[in-house]
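Structural overview
Okay, here's what each chain looks like letter by letter:
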Amino acid sequence: MQSTGTRNPATTPTHCPYCALQCGMNLTPVEGGTVEVSDRADFPVNRGALCGKGRTAAAVLAPGARLTSPLVRSGDGALVPAGWDEALDRIARNLERTRARYGADALGVFGGGGLTNEKAYALGKFARVVLGTSQIDYNGRFCMSSAAAAGTRAFGLDRGLPFPLEDIPRTGCVILVGSNPAETMPPSLRYFTELRENGGTLIVVDPRRTKTAEQADLHLAPRPGTDLALALGMLHLVVAEGRVDEAYVEERTSGWEEARAAAMAHWPEHVERITGVSVPELREAVRLFCAPEAAMVLTARGPEQQAKGTDTVGAWINLCLATGRAGRPRSGYGCLTGQGNGQGGREHGQKADQLPGYRKLTDPAARRHVAEVWGVDPDSLPGPGRSAYELLDALGTDIRSLLVMGSNPVVSAPRAAHVEGRLRSLDFLAVCDVVLSETAELADVVLPVTQWAEETGTTTNLEGRVLLRRRAITPPEGVRGDLDVLHGLAGRLGVEKGFPVDPEEVFEELRRASAGGPADYSGIDYRRLARENGVFWPCPAPPADGTGATPHPGTPRLFLDRFATDDGRARFAPVAHRPSAEEPDDAYPVLLTTGRVVAQYQSGAQTRRVAELNAAAPGPFVELHPRLAARLGAAEGDPLAVVSRRGRAVAPARITTAIRPDTVFMPFHWPGEGRANTLTNPALDPASRMPEFKVCAVRVEVAR
Ligand SMILES: Nc1nc2c(c(=O)[nH]1)N[C@H]1C(S)=C(S)[C@@H](COP(=O)(O)OP(=O)(O)OC[C@H]3O[C@@H](n4cnc5c(=O)[nH]c(N)nc54)[C@H](O)[C@@H]3O)O[C@H]1N2
Ligand SMILES: Nc1nc2c(c(=O)[nH]1)N[C@H]1C(S)=C(S)[C@@H](COP(=O)(O)OP(=O)(O)OC[C@H]3O[C@@H](n4cnc5c(=O)[nH]c(N)nc54)[C@H](O)[C@@H]3O)O[C@H]1N2
Ligand code: SF4
Ligand SMILES: [Mo]
């Protein structure tokens, strides 16, 4: 290959396959069918920086790491290679059979927030139009759904961050609640470093002194599951200290009186008893947050993955609203989404209650609009289905056949042993994946699909910035794209049109389907995305008759003039603290919380296949405080059994003063004996249907 000046002509600028930061990277083809990953400095979000997962992502493209042939379950129970026609025929036949016997709602579809917008859109359409089922949901329900529900309640619109990351260094104070970007989005850390260099302050709320908390001016370490009380305690002090922005509250919000009354019931001393955060710390947090002219609250999975996640986020939004820190420059509430397309994946219809463009499946006007784009009768569209955990819980009973695309629930779902059992009890399971995940291992048919470097498509990053991922190499013989899979299945199920395999064609239809909806993409096209470094939605198309109309610039910052509610006002949430679904007792005296480490991604299906990452994070562990370790008689590395009402997991002890003595932490990236989700509680948030991944009661003992 000849290099011409600075850029090799064989090099393709694209984005990382993993998290929601969607770092820009350059890919250059190399021997063996893979690519070399190199810095791409022109993308503003990461300016060339990559974490270890992004740098090593090409390893999963290698033939030895991934699937290169469809697999079908043979008579003797083994998964054996098969041709594409045989595999697709088998899926179509089984779905037909289930539908004929039990009806369309006995067919389930489980998607993923890592799928491109095109795939998520096509999957939602496939479920409703081809299968005719209401039973579709996706792993994003396990991710940011509580923040989405709270954001929609408060602002009338849910976009993770209502401003670009570049606003962070320009605000005065950021409270990061249950978010560990030092491990989960390392290149984003520089925004917080720059904030502090500019004289701003960082407050981190996390029961663990994480690498992120080490950077903070103030670290509050509440007991897991008590963020709601903490936020209310801060609001109480805001009122008591006369720090309410009365003019803003009057002009731009509604519902203050009720929210205020609810907060006043949360006395700081009472909050200290619930959270373990002292009154002076609480006062200091309020002082740092209220002193500057502008400030932000950012939440991630810590406060959100709770059975009261929606109310908890609502309480943090209340704090922003009372102090006039939303819908103003350099101020606001935001949720840091997680998966590569965590944002776009929640907008285009793979969610149980949703149609493309973030429309509601229950809204007659939305149904008419989308049905027209799809060329079907609005009355033929099913209603809302079950949420992710409820769907998995119904497998083998109400739902008899399941198609999984882009998730590995055997490792990542709460109460995972039960979910695994439900998957095994299905009449038929088909899984599309790039690797033989633990969920694919249970399937009757496994379809090997193309990966990020091998296909073109769009994702929407945590800022609401729609991006173009570009194909850099030809996929190996034997794998096909997810769009190809849906096309092949739709045809076999009698729907010849409407499922193109060309992503740009799908995007063109998505544009029309989203037009006029909350997440309006109609003004965005591939050419524009290739030219600009992403476009922020909403981006409506100029009216067709408007001669000389200029393209919409996109919307980096939302709510500056008005909120997206009917009256343009943000709504306070009248919330009160309540305990977690499962509080410690004599039998299960310790709190378990779960999360991530920097070198593994999610269920680990991809990153556990990368040698360098495995060397850095070889397996599960139980993080615990020396005082708890001493009480248990546990030394560093001792195998610890962690037992909850759902099951038992075993992993080595990792002793550190960085965690509260009443809490243990386990990362959830591994299957088998150390699987954290064997333990977790599927108690659901009533509004978002988010399971309580972040809090359950356990007993810990040295495993002999
Ligand atoms: N390396 C890596 N990066 C990732 C991922 C990955 O798997 N690995 N996944 C991506 C995805 S999909 C997501 S959603 C994001 C998640 O990104 P984060 O939300 O940053 O990740 P978590 O580790 O789940 O949780 C963050 C913190 O919440 C804390 N926490 C636990 N319980 C509580 C609580 O009750 N209250 C509070 N305030 N904090 C609590 C944990 O100690 C942890 O440090 O990361 C993305 N990036
Ligand atoms: N205890 C505990 N459990 C958790 C969490 C926690 O904090 N604690 N966090 C939750 C969160 S936030 C999330 S997002 C979930 C994530 O959990 P999962 O849904 O299991 O996420 P992944 O491991 O990313 O699974 C994606 C699967 O799809 C495959 N894949 C990747 N790209 C594609 C594609 O383009 N097409 C197809 N067909 N397949 C693809 C991957 O190989 C992988 O097998 O886990 C949740 N579970
Ligand atoms: S931070 Fe996220 S997007 Fe960036 S390189 Fe790492 S995994 Fe990829
Ligand atoms: Mo997530």
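The name given to the chain in an unreviewed UniProt entry is Molybdopterin oxidoreductase family protein, with the source organism recorded as Streptomyces salinarius.

Regarding its fold elements, the chain presents 22 helices and 30 strands. Expected size for 704 residues packed as a compact globule is a radius of gyration near 27 Å; at 24 Å, the chain falls within 12% of this value. Along the first, second and third principal axes, the C-alpha atoms of the chain reach 75 × 70 × 60 Å. Taking all 704 residues of the chain together, the buried fraction comes to 64%. Roughly 24200 Å² of accessible area belongs to the chain as shown, and the carbon and sulfur atoms make up 49% of that amount. Across the chain, the 79 positively charged side chains and the 83 negatively charged ones have centroids separated by 1 Å.

Looking now at the layout of surface pockets. Which parts of space are left empty comes out when a probe the size of a water molecule is rolled across the atoms. Here the largest pocket is characterised by a volume of approximately 790 Å³. In terms of lining, the largest pocket is formed by 27 residues, of which the most central are T152, G156, Y358, K360 and P518. Breaking the lining of the largest pocket down by element, the ones donating at least two residues are α4 (145-155) and β15 (359-360). Looking at which element gives the most residues to the lining of the largest pocket, the answer is α4, with four residues. Taken together, the residues of the lining of the largest pocket sort by class into nine nonpolar, seven polar and 11 charged. Space inside the second largest pocket adds up to approximately 330 Å³. Of the residues belonging to the lining of the second largest pocket, the class tally is 10 nonpolar, four polar and eight charged. Residue contributions to the lining of the second largest pocket reach at least three from each of two domains, namely domain 3 (147-336) and domain 4 (590-702).

A few words on the UniProt feature "domain: 4Fe-4S Mo/W bis-MGD-type" (unreviewed entry) in the chain. Residues annotated in UniProt with the feature "domain: 4Fe-4S Mo/W bis-MGD-type" (unreviewed entry) correspond here to residues 9-65. Helix makes up 7% of residues 9-65 and strand makes up 30%, while its end C-alpha atoms are separated by 28 Å.

Attention now goes to the packing of aromatic side chains. In this description, an aromatic ring pair is defined by two values, namely the gap between the centres and the angle between the planes. Scanning the model with the defined rule gives 11 aromatic pairs in all. With a centroid separation of 5.0 Å and 50° between ring planes, the pair formed by Y18 and Y601 is classed as tilted. Here the residue Y18 occupies a position in the loop between β1 (12-15) and β2 (24-30), and Y601 occupies one in the loop between β23 (590-595) and α21 (611-616), the gap between them amounting to 583 residues. The exposure class assigned to Y601 is buried, which follows from its relative accessible area of 12%. With a centroid separation of 5.4 Å and an interplanar angle of 45°, the aromatic rings of F507 and Y526 are classed as tilted. Of this pair, F507 sits in helix α19 (residues 503-514) while Y526 is found in helix α20 (residues 526-531), placing the two residues 19 residues apart along the sequence. As far as the burial class goes, F507 and Y526 line up, both buried. Each residue in the set F110, F142 and F693 is aromatic and connected to the rest through ring pairs, giving one cluster.

Bringing empty space enclosed by the protein into the picture now. Taken as a whole, this structure holds seven cavities of 30 Å³ or more when the rule is applied. If you add up the space inside the largest cavity, you get close to 780 Å³. Residue lining of the largest cavity: 43 residues in total, with G114, Q339, G406, Y601 and Q606 positioned closest to the centre. The set of elements that each furnish at least two residues to the lining of the largest cavity consists of β17 (428-433) and β23. Grouping the amino acids of the lining of the largest cavity by side-chain chemistry returns 17 nonpolar, 19 polar and seven charged. Each pocket or cavity is described by its volume, and for the second largest cavity that value is around 570 Å³. In terms of lining residues, the second largest cavity is bounded by 42 residues, among which G178, N180, T184, R301 and R596 are the most central. For the lining of the second largest cavity, the elements supplying multiple residues, two or more each, are α5 (181-184), α12 (301-304) and β23. Of the residues that constitute the lining of the second largest cavity, the class distribution is 16 nonpolar, 17 polar and nine charged. Here the lining of the second largest cavity spans two domains, since at least three of its residues come from each of domain 3 (147-336) and domain 4 (590-702).

This part covers the pairing of β2. In terms of burial, β2 is a largely internal element, five of the seven residues being buried. Where β1 meets β2, four bridges bridge the pair, whose relative direction is antiparallel. Bridge pairing links H15 to G24 in β2. Pairing analysis gives six bridges linking β2 to strand β3 (residues 34-39), with the strands arranged antiparallel. The partner of N26 across the bridge, within β3, is S38. In textbook terms, the turn of a hairpin is the stretch between consecutive antiparallel strands, and for β2 and β3 this stretch comprises three residues, one of which, G32, has a positive phi near 90°.

This paragraph deals with helix α2 (residues 84-102). Compared with the 27 Å implied by 1.5 Å per residue over 19 residues, the 27 Å span of α2 between its first and last C-alpha is a close match. Within the sequence span of α2, burial applies to W84, A87, L88, I91, A92, N94, L95 and T98. Taken around the axis of α2, the buried residues stretch over an arc of 165°, which confines them to a single face. Opposite the buried face of α2, by more than 90 degrees, sit the exposed residues A100 and R101.

With an omega of -5°, the peptide bond running from W537 to P538 counts as cis. For P538, the location among the structural elements is in the loop between β21 (535-536) and β22 (570-571). Even without being glycine, R415 reaches a positive phi, approximately 50°. Inspection of the secondary structure puts R415 in the loop between α16 (409-412) and α17 (416-424). Here R415 falls in the partly exposed class, since its relative accessible area comes to 30%.

Reading the values: rules and limits
Every chain is numbered on its own, with residues counted from 1 as its sequence reads. Note on labels: chains are lettered from A, ligands numbered from 1, in written order. For a predicted model such as this one, the threshold for reporting local features is a pLDDT of at least 70, and the threshold for listing and counting side-chain atom pairs is 80 or more; totals across whole chains, interfaces and linings nevertheless cover every residue. Here the side-chain values reflect all heavy atoms present in the structure, with hydrogen atoms and water set aside. Numbering of helices and strands runs from the N terminus, with a helix taken as a DSSP run of H or I at least four residues long and a strand as a DSSP run of E at least two residues long. In this setup the radius of gyration rests on C-alpha atoms only. A globule is expected at 2.2 Å times the number of residues raised to 0.38. Throughout this description, buried means an accessible area under 20% of the type-specific maximum (1.4 Å probe, protein chains only), exposed means over 50%, and partly exposed covers the range between. Per-residue and other accessible areas follow the Shrake-Rupley method at a 1.4 Å probe size, with only the shown protein chains counted as cover for residues. In summary, the charge assignment counts Lys and Arg as positive and Asp and Glu as negative, without counting His or the chain termini. By convention, the point assigned to a charge is CZ for Arg, NZ for Lys, CD for Glu and CG for Asp. Cavity means a closed set of points on a 1 Å grid over the protein atoms alone, one where a 1.4 Å probe fits but cannot get out, pocket means an open set with protein on both sides within 12 Å along at least 5 of 7 lines, and lining means a residue has an atom within 4 Å of a point. Grid points are joined across faces, edges and corners, and a volume is the space filled by probe spheres set on the points. Only Asp, Glu, Lys and Arg are considered charged in this grouping, and only Ala, Val, Leu, Ile, Met, Phe, Trp, Tyr, Cys and Pro are considered nonpolar; every other residue, Gly among them, is considered polar. Marked domain ranges trace back to an automatic or database domain assignment. UniProt positions are given in the numbering used here, feature names are shortened, and annotations may be inferred rather than shown by experiment. Only Phe, Tyr and Trp rings are paired, with Trp represented by its six-membered ring, and only when their centres lie within 6.5 Å; those with planes under 30 degrees apart are stacked, over 60 edge-to-face, the remainder tilted. Should DSSP find at least two bridges between two strands, the strands are taken to pair. The span you would expect from a helix comes to 1.5 Å times its residue count less one. Within this analysis, the arc is defined by the directions that extend from the helix axis to the C-beta atoms.

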